[in-house]
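Observations on the model geometry
Letter by letter, the chains look like this.
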Amino acid sequence: MIVPYADLKAQYAGLREEILAALDRVGSKAAFILGEEVQEFEREFAAFCGVKHCVAVNSGTSALHLALLGVGVRAGDEVITTPNTFIATAEAISYTGARPVFVDIDPRTANIEVKQIAAAVTPRTRAILPVHLYGLAAEMDPIMEIAAEHKLAVIEDACQAHGARYHGKRVGGIGNAGAFSFYPAKNLGAYGEGGALTTNDDALAAEARILRSHGESRRYYHDAVGYNYRMDGFQGAVLRVKLPRLEQWNARRKSLAEIYRRTLEGARVELQQGGASCERVDHLFVVYVDRRDTVRASLEERGVQTGVHYPLPIHQQKPFRALGYQPGDFPHVERACERVMSMPLYPEMSDEQAHYAAQTLREIVGEK
Ligand SMILES: *Cc1c(COP(=O)(O)O)cnc(C)c1O
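On to the layout of surface pockets. A volume near 670 Å³ is recorded for the largest pocket. Lining the largest pocket are 38 residues; nearest its centre among them are Tyr183, Pro184, Ala185, Lys186 and His283. Of all the elements, helix H3 (residues 60-70) adds the most residues to the lining of the largest pocket, at three residues. Considered class by class, the residues forming the lining of the largest pocket number 18 nonpolar, 13 polar and seven charged. Lining the lining of the largest pocket are residues from two domains, each supplying at least three of them: domain 1 (8-244) and domain 2 (245-365). Its boundaries defined by the atoms lining it, the second largest pocket holds a volume of some 230 Å³. Its residues placed into classes, the lining of the second largest pocket shows six nonpolar, five polar and five charged. Domain assignment of the residues forming the lining of the second largest pocket places at least three in each of domain 1 (8-244) and domain 2 (245-365).

Close to the ligand lie 14 residues, the nearest being Gly60, Thr61, Gln160, Ser181 and Lys186. One of the side-chain N or O atoms of Gln160 is found 2.8 Å from an oxygen atom in the ligand. With respect to the ligand, the side chain of Ser181 contributes an N or O atom lying 2.6 Å from an oxygen atom. Taken by itself the ligand offers 380 Å² of open surface, and the protein chains cover 93% of this. For the shell around the ligand, the elements supplying multiple residues, two or more each, are H3 and helix H4 (88-95). Grouping the constituent residues of the shell around the ligand by class yields four nonpolar, eight polar and two charged.

Thresholds, definitions, all that
Residues numbered from 1 in each chain as written. Predicted model: local features only at pLDDT ≥ 70, side-chain atom pairs only at ≥ 80, totals over all residues. Heavy atoms only, no water. 1 Å grid on protein atoms, 1.4 Å probe; cavity = no way out; pocket = protein on both sides within 12 Å on 5 of 7 lines; lining within 4 Å. Points joined across faces, edges and corners; volume = space filled by probe spheres on them. Helix = DSSP H or I, 4+ residues; strand = E, 2+ residues; numbered from the N terminus. Nonpolar A, V, L, I, M, F, W, Y, C, P; charged D, E, K, R; others polar. Domains from an automatic or database assignment. Near = heavy atom within 4 Å. Polar contact = N/O pair within 3.5 Å; in protein donor to acceptor, adjacent residues only side chain to side chain. Areas by Shrake-Rupley, 256 points an atom, 1.4 Å probe, with all protein chains shown as cover.

What follows is the structure, encoded as structure tokens:
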């Protein structure tokens, strides 16, 4: 059996007629930049997340950047985050001129170790940027408490967690602002680049709207040096077709993840553990194994493709080495990066494929 790591073509095949009609609506109106479809999507996605505002942009990275600017992060400030994430989390901090300050992860959840945040706060700290990694919400209550105590803003990197909940509340509306990515492989993916900032803060939303379009408040009148971060009309139209299916796709991911968990019980692997209050949306199904690269090669030989998210922690990536962190500074992250491996997981996968992938992994790693 072949289990590809991902299969975006299968999803397109099922949506083709609706997508083509949606693209045609945009083309007929020549509403190529922002426009009605994007505006409608903003309303629908805000409602989905349970927030007042959604500002559609051209990537998750742009959403993070605007969110950080929106809470007042500026050059010389510090923003606390995790080095166990996609590079964009730290890049967005650097775009503002602020410095990413890393803390280790809780090895069970792979998310930021809340107990280490307070010790990383300095007079320059402006914000905390937790990541809901692999679709699992970070422990937001204690993070919000630390933020309140030190008067810090909280930006949620929800780029992998569309629809995830913490204590029943959707991510993206818990901190001051949330950032989502609609990169095609995310739980909600566009057919190109896309992203969104979510917030309940009217002023922050208004500023983000201005900054995403060259700081323009009125046609050709500019209030600030802004950016070209606008979402294009085709992406808005595609996302509107896909959003009503997101819950169903997330539910499908969940039942496939259950097959993985059941089949891997007792096998020599560790899994990402979620707290009772953190409802995940199974963006990735990661396992931690010894001799990861050998295990991956054996899986590949037997038709199971895998990924690695991520092989090198951010504090060891070239552009961030100048921050001065040393190997060994974040032992849990470093160990995770050596052992982590992502199994195939997407809604169009069959139960049989999930079972085969899990069973094959089990045979390769053996029993505990
Ligand atoms: C995908 C992703 C981003 C960036 O999103 P883009 O749309 O690719 O810019 C940021 N953070 C995390 C955790 C991501 O997974």
